[in-house]
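# What the coordinates show
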Amino acid sequence: MWARLRGGYPLRILLPLRGEWMGRRGLPRNLSPGPPRRRYGKETLQALEMPVLPVTATEIRQYLRGHGIPFQDGHSCLRAPSPFAESSQLKDQTGVTTSFSLFIDKTTGRFLCMTSLAEGSWEDFQASVEGRGDGTEEGLLLSKAPEFEDSKEVRRIWNRAVPLWELPDQEEVQLADTMFGLTKVTDDTLKRFSVRYLRPARSLVFPWFSPGGSGLRGLKLLEAKCQGDGVSYEETTIPRPSVYHNLFGLPLISRRDAEVVLTSRELDSLALNQSTGLPTLTLPRGTTCLPPSLLPYLEQFRRIVFWLGDDLRSWEAAKLFARKLNPKRCFLVRPGDQQPRPLEALNRGFNLSRILRTALPAWHKSIVSFRQLREEVLGELSNVEQVAGLRWSRFPDLNRILKGHRKGELTVFTGPTGSGKTTFISEYALDLCSQGVNTLWGSFEISNVRLARVMLTQFAEGRLEDQLDKYDHWADRFEDLPLYFMTFHGQQSIRTVIDTMQHAVYVYDICHVVIDNLQFMMGHEQLSTDRIAAQDYIVGVFRKFATDNNCHVTLVIHPRKEDDDKELQTASIFGSAKASQEADNVLILQDRKLVTGPGKRYLQVSKNRFDGDVGVFPLEFNKNSLTFSIPPKNKARLKKIKDDTGSVAKKPSSGKKGATPQNSEICSGQVPTPKQPDTSKRSK
């Protein structure tokens, strides 16, 4: 859906071309309109709130039949006559009547009228049908919506940009072609897609036109920078990425087109369209997300080919997006040395039409032999690091043991009361979210405001109470993260939570769900039900959700009541052994209390189903930044002074007076080995 646009100049990188992608807020300095004004009316942090009674496709069909509204069943939407379109709008350019111009999403119930650009929720549609409200007066008609705040800036940049082939300096043209890999892309192709070049910023400008091509809705700037021997690329979207719902190339699509190729970069669409002549579209946020509001524009195609990239993450994203669009009509181009990105394939002289013919179907009824798994296994063997998952940037020791964060797994996290479980797991999830992992937080123990305050402090790596003048800067950057919150607080039923998670996976392409904690979902069970059986059922539901949706679920569970002088073990997790058996990873936050001084925290990985490595590593809490990954500055400075003066104290031995075995371990920097039978012997 072409949603209402709001102001701001944020940036979140979507996909790399070649080299490393880097984040940058705002426009180039020579184009920036100055410091942004504070807007008190802009939206708050994203929060997921499911309707009390979510609509289903069956209910939508029954409602349409009950009111005598004809409809057609599509791939992901239902088509029906639009009550918002005038009779003069129901004919296309060829004079053909298009009465079924209203698309209703089967999963969410949201509708879009392709002729009048009216959009709204399922409740809005019901109100219009039953005469309980006027959609045009409620601001549903986007064609009559006021200009968004960035429209003047978009028009100013667009007017300053010029076609690449009209540059007077041929050396500048050759430099731009080399930097962006356009040496084999013709001027006719650039002209057909209306691509321009912004000389002051050395950036390509890709326009976002209205569905009918009548108006300019936004821009995407792609800037190339030399970095060592390679090139790094930066993207800037106006408006902000969260409302940039552009399918680049949509105005070139004809109603008669039955096949389309979806790419993750605009340059790949140029190369594909030039080489094959097929219609091509570019997803607005690459492999990060496919907004459901764009699905109506893809309903007309009987065959959709995904060619998103040349890495494992692109392959997983293609399979996830195919589930939204009906896998029976989707085909995937497998990444490989002989099947790189479309632009790279064009520059290397490959036959792109032949590569498209090798696309694999995204759906099959069953797997009957190893032959169908052969390519999958080869892909994992040739991309070992990518199969291991996304690595944490703040916890290198966690990468050493777990190797990475992988989709489709269940992680159980536990620790003593008051040890900082929520604080640690928020930084653990923030690290991944900052790298583009779409994250959904379900905090049932503390409010979302308090959780967001903690995560914002960790994101800024310092206390914002003492520097409120920097709050807007960090809040704007934090708002651009793909982070969402459930609005639940206190006890909730597992069915409601799973429905919300399912909705988030469909709408926001969530890849990581954090549940803090499991005990708050056991209060809605029947009082006569055994609590152990109820917990086993809940753990099984989360396990099934992670597997079916290829989504990582991190589940926080309180431990049993143990003596303070005893370390927690896998068996200390509350309930039966099902939680540890179903989990792929078990993390324990150990908090060792010392009589002679402050305690010592360390993280223990007691189960790792990926490769079996287990172990422990120390954690040091920084109260100023609320992080476990950044050591306190005063302690680091003290250690440096001692090193410079050469007066480092010798490590006391356990036999000296006044030095207990516990003190010796802490002074020497060694982490005490937890008492973990069997599994601890596997630590490498």
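Our structure's up above, just so we're on the same page.
Along each chain, numbering runs from 1 in the same order as the chain's sequence is written. Confidence filtering applies because this is a predicted model: local features only for residues at pLDDT of at least 70, side-chain atom pairs given and counted only at 80 or more, and all residues used for totals across whole chains, interfaces and linings. Each side-chain value is derived from all of the structure's non-hydrogen atoms; neither hydrogens nor water enter the calculation.

The relation between two aromatic rings is expressed through the spacing of the ring centres and the mutual angle of the planes. Only Phe, Tyr and Trp rings are paired, with Trp represented by its six-membered ring, and only when their centres lie within 6.5 Å; those with planes under 30 degrees apart are stacked, over 60 edge-to-face, the remainder tilted. All told, the structure shown has 20 aromatic pairs when counted by the stated rule. Note on Phe 424 and Tyr 428: the rings are 6.3 Å apart at their centroids and 35° apart in plane angle, and the pair reads as tilted. With a gap of four residues between them, Phe 424 and Tyr 428 both fall in helix α13 (residues 421-433), about one helical turn apart. In this structure, Phe 424 and Tyr 428 share a single accessibility class: buried. Taken together through their ring pairs, the aromatic side chains of Trp 392, Phe 395, Phe 413, Phe 424, Tyr 428, Phe 621 and Phe 628 make up a single cluster. Should the NZ of a Lys or the CZ of an Arg lie within 6 Å of a ring centre and within 35 degrees of the ring normal, that charge is described as sitting over the ring. The side chain of Arg 196 reaches across the aromatic face of Trp 158, ending 3.9 Å from its centre. Numbering of helices and strands runs from the N terminus, with a helix taken as a DSSP run of H or I at least four residues long and a strand as a DSSP run of E at least two residues long. Whether a residue is buried, partly exposed or exposed follows from its accessible area with a 1.4 Å probe, protein chains only, as a fraction of its type maximum: under 20%, in between, or over 50%, in that order.

Among the buried residues, those of types Ala, Val, Leu, Ile, Met, Phe, Trp, Tyr and Cys that are joined through side-chain atoms within 4.5 Å form a nonpolar core. Core analysis: the largest hydrophobic core is formed by 38 residues, its most contacted members being Leu 398, Trp 441 and Leu 603. Mapped onto this core, the elements with two or more residues apiece are α12 (396-402), α13, α14 (448-460), α15 (471-479), β18 (483-486), β21 (585-592), β22 (600-608) and β23 (615-619). Tallying contributions element by element places α13 first for this core, with seven residues. In contact with Leu 603, not counting residues within four places along its chain, are Leu 398, Phe 413, Phe 424, Leu 587, Ile 588, Leu 589, Gly 615, Val 616, Phe 617 and Leu 619. Phe 444, Ala 504, Ile 538 and Leu 568 belong to the second-largest nonpolar core, a separate cluster that totals 35 residues. Contacts are assigned to residue pairs that have any heavy atoms within 4.5 Å of one another.

Attention now moves to the sheet that holds strand β13 (residues 303-306). Ordered by their spatial adjacency, five strands build an open sheet running β12-β11-β13-β14-β15, and the pairing between neighbours is mixed. Two strands in the sheet have a free side with no partner beyond their single neighbour: β12 (280-282) and β15 (360-361). Two strands pair if DSSP finds at least two bridges between them. One ladder, built from three bridges, connects strand β11 (residues 259-263) with β12; its direction is parallel. Each residue of the ladder has a partner; that of Thr 263, found in β12, is Thr 282. To get an axis, a line is fitted to the C-alpha atoms, and for a helix only the part in contact is used. The angle between two axes follows their N-to-C directions and goes from 0 to 180 degrees. Packed on one face of the sheet, helix α6 (residues 266-276) meets β11 and β12 and runs near 175° to β12. Of the strands in this sheet, β13, β14 (330-332) and β15 are in contact with helix α7 (residues 312-324), which crosses β14 at around 175°.

So, about the environment of Leu 518. In this structure, Leu 518 sits in the loop between β19 (512-516) and α17 (531-549). When neighbours within four sequence positions are excluded, Leu 518 is seen to be in contact with Gln 535, Ile 538, Val 539, Leu 555, Val 556 and Ile 557.

Strand order in the open sheet made by the four strands is β7-β8-β9-β10, with antiparallel pairing throughout. Bordering the open sheet on either side are β7 (196-198) and β10 (230-238), each of which pairs with just one other strand. Averaged over all neighbouring strand pairs, the angle between strand axes comes to 30°, with direction disregarded. Sheet topology places β7 next to strand β8 (residues 203-209); three bridges connect them, and they run antiparallel.

This brings us to the packing of helix α16 (residues 494-508) against α17. Taken N-terminus to C-terminus, the directions of α16 and α17 make an angle of 10°; their axes are 11 Å apart at the nearest point. Considering the angle they form, α16 stands roughly parallel to α17. Of the residues in α17, those touching α16 at Ile 494, Val 497, Ile 498, Met 501, Gln 502 and Val 505 are Tyr 537, Ile 538, Val 541, Phe 542, Phe 545 and Asn 549. Of the residues in the contact of α16 with α17, the class split is ten nonpolar, two polar and no charged. For classification purposes, angles smaller than 35 degrees are called roughly parallel, those larger than 145 roughly antiparallel, those between 65 and 115 roughly perpendicular, and all remaining angles oblique. Only Asp, Glu, Lys and Arg are considered charged in this grouping, and only Ala, Val, Leu, Ile, Met, Phe, Trp, Tyr, Cys and Pro are considered nonpolar; every other residue, Gly among them, is considered polar.

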